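Residues per chain are reported as follows:
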Amino acid sequence: MKIVYVGDNRHRQNFGCRATSTALSQIISEENEIVGRIYGDYTNFDPGNQFFYQHFPSFVYKRLGRKKESHREYIRQLFYAKNRIIKHGRYFFSNYDFISYDFEKSIKNLKRMIPANPELEAFDLDRYDFDALVVNGEGSFIFATPPWRECLIEAMLMYWAEKKGKKVYYLNGMLSDDPYSKRNYKTIDIVAPIFERAEVVGVRERFSLEYAKENFPKANIQYYPDALFSWYDLINDGFEVKNGKYFAGVNGATDEAYNELDFSEKYILVSGSSSVMLAADGDIKRIVSIYSKLTNELKEAFPEHKVYLVEVCEGDRFLRKVSEYTGAPLIASDTPIVAAGKILANADVFISGRYHPGILASLGGTPCVFMSSNSHKTKSVQEVLDYGDIVEYDVLPDKEERKKIVESAVKKVALGEALRETIRLRCRKLSEMTKEQGKLFRE
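Report on the accompanying structure.

### Brief notes about the overall build of the chain
Each helix and strand counted, the chain has 17 helices and 13 strands in total. The globule rule puts the C-alpha radius of gyration for 443 residues at 22 Å, and the 22 Å found for the chain is close to it. Its C-alpha atoms give the chain principal-axis dimensions of about 65 × 50 × 40 Å. Per-residue burial for the chain yields a buried fraction of 58% across its 443 residues. For the chain, the share of sequence-separated contacts (at least 6 apart) that also reach a separation of at least 24 residues comes to 73%.

Okay, here's the thing in C-alpha cells:
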C-alpha cells in the first residue's frame, strides 16, 4: 500500500519521539511505500510561527506567500508573537489557529493559509496518491481540558482521509485522561466516529485498552506493545558506546562530554518527567532544588557509580542547572538516538518519569525506578514489562519520597544480572509481538 504517515516525530529532540517514530515507520515500510510524512514539528502543541487569522480572505495569504522568504518570516513571527495563546503546552481556541472542533472548517482554513505557511503543504491530503493514512498515536490522545492541539490535528487528518475513502490506521497509541484536568468528553465525542470508521485503533498497553473499550466500544481496538520494542535487536547488536566524545550533538558538545562521559565504568542515570513543569506550576527553582537533592543523595548511595543526568527532551532542560549545582555530568537531548538508547540500556539503573526512555533502557535489561508522568504511562509500562510491584513515585519527591526512590534503586542494582536477564527476555518477547503490526497492511 501507499501510505501517508502522520506524527513522525523524529525531528524533535525528545528521545522517545525520535525512537518510536522511527521504529513504527520501519515496521510499516517493510512491505509498503510511505509516500508522505507529516512531521510532528507542526502537529505538536505549538506549530511554529503560523500566520493565520480566521477573518483574513484568501488573497492575504497569497500575497504574503509571494514575498521574499526573509520578509515573509519576519511578518509571520511578528504576527505569531502577538496573537498566539499558549499555556503549559495546551491550546486555548482562538481566531489565530486553523484547527477547531469543526473539522470541515479546519480543512478549509488549512488549505487557505498554506500559501503563507508553505511548511504546512504536507498536511494537504489532496496532494498525495495514497491508499491509507497511518497515525503514530504515541502520547497525543490525552483527553485533557482544554484540548490538546495535537490530538485535534491528527483527528482532523483521519477524518479527512476517511472522507476521501482511504483506509485509516491509528497505531502505537496511548489513550488517557489528564491527571491535571477533567476528562474532555467533547473531544471524545468527536473522535469516536473517526475511530469507528478506522481499520484499526491500536493501543500499546492495558490501561489504554481499557480506556478505548470504555469510550470507543464500537471501534476495532487491538493491542500491540509499543513499536519501540522492535528495536531489541538494534540495541543488543554488540556495538558498545564507551564514552561521549564520538556521540555528542551540538548542545552536548561540551568539554565534559569529551572528558567525563565514561560509560565503561559502572553508572546510573536520572531524568525528569513529562509532568514536572505542571506539577511545580512552572517553578523552575523548586524543580532544580528537588532534583539536585535527589542527585546528591544518589551519589552518596552509589559511591562506586558515576551518576549522570539525561536530558531526554526539551522538558528536561532544567537538568542543566542541576548538573551545575551537583557536578553530575549531563547527557544532552541531541545525542544521536541509537547511541542514547545504548547508554540507557547499559546503565545499572534508570530513575525517570519518562515512558520511551524507560523502554530504551529496558531493551538492554536496565531496571527502572519510575516517577509519575502526564498520564498513566509510567504505570502501564511497568505492567507491560511484567514488573511484580508497580510503583510510581512522586515527580516532585520530598525527603521521604526521595529516600524510597534511592532505596528502590539500590535494591534493583543489587539484584544484578538475574534481574537484567529477566527484563531482556521480556523485551525480546514484546519485540516479536509489536512486529506483528506489519501484517495489518497486507492486502
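Here the narrative resumes, following the displayed structure.
### A look at the pattern of salt bridges
Applying the stated rule across the entire model yields 29 salt bridges. With a shortest N-O distance of 2.9 Å, Glu 162 and Arg 197 are connected by a salt bridge. Within this pair, whereas Glu 162 is found in helix 5 (residues 149–163), its partner Arg 197 is found in helix 6 (residues 185–197), the two being separated by 35 residues in sequence. On the basis of relative accessible area, Glu 162 is assigned to the buried category, the value being 13%. With a shortest N-O distance of 3.6 Å, Glu 324 and Lys 321 are connected by a salt bridge. Here the residue Glu 324 and the residue Lys 321 both occupy positions in helix 12 (residues 319–326), the gap between them amounting to three residues, near one helical turn. You can call Lys 321 partly exposed: its relative accessible area is 39%. One continuous salt-bridge network, built from bridges that share partners, spans Lys 111, Asp 124, Asp 126 and Lys 164.

### Structural notes on the nonpolar core
Ranked by internal contacts, the top residues of the largest apolar core, which has 58 residues, are Leu 125, Leu 133, Phe 141, Leu 157, Leu 175 and Phe 195. Here the element with the most residues in this core is helix 5; it accounts for nine residues. Ignoring anything within four residues of it in the chain, the contact list for Leu 133 reads Val 4, Val 6, Leu 125, Leu 157, Met 158, Ala 161, Lys 167, Val 168 and Tyr 169. Core analysis: the next-biggest nonpolar cluster, separate from the first, contains 56 residues, Tyr 5, Leu 24, Ala 345 and Leu 360 among them.

### As for the environment of Val 134
Among the structural elements, Val 134 can be located in strand 5 (residues 132–142). Residues Val 134 and Gly 7 lie 127 residues apart in sequence; the distance between their C-alpha atoms is 8.7 Å. With residues up to four places along the chain from it excluded, the contact list for Val 134 reads Ile 3, Val 4, Tyr 5, Val 6, Ile 28, Tyr 169, Leu 171 and Phe 441.

### Here's the deal with the packing of helix 1 (residues 15–29) against helix 13 (residues 337–345)
For the pair helix 1 and helix 13, interaxial distance at closest approach is 10 Å and the crossing angle is 110 degrees. Of the possible angle classes, the one that applies to helix 1 and helix 13 is roughly perpendicular. Contact with helix 1, carried on its side by Phe 15, Arg 18 and Ala 19, involves Ile 337, Ala 340 and Leu 344 of helix 13 and no other residues of that element.

The rules behind the values
- Residues numbered from 1 in each chain as written.
- Predicted model: local features only at pLDDT ≥ 70, side-chain atom pairs only at ≥ 80, totals over all residues.
- Heavy atoms only, no water.
- Helix = DSSP H or I, 4+ residues; strand = E, 2+ residues; numbered from the N terminus.
- Rg over C-alpha atoms; globule rule 2.2 N^0.38 Å.
- Buried < 20%, exposed > 50% of the residue type's maximum accessible area, 1.4 Å probe, protein only.
- Contact = heavy atoms within 4.5 Å.
- Salt bridge = Lys/Arg side-chain N within 4 Å of Asp/Glu carboxyl O.
- Core = buried A, V, L, I, M, F, W, Y, C linked by side-chain atoms within 4.5 Å.
- Axes fitted to C-alpha atoms, helices over the stretch in contact; angles between N-to-C directions.
- Parallel < 35°, antiparallel > 145°, perpendicular 65-115°, else oblique.

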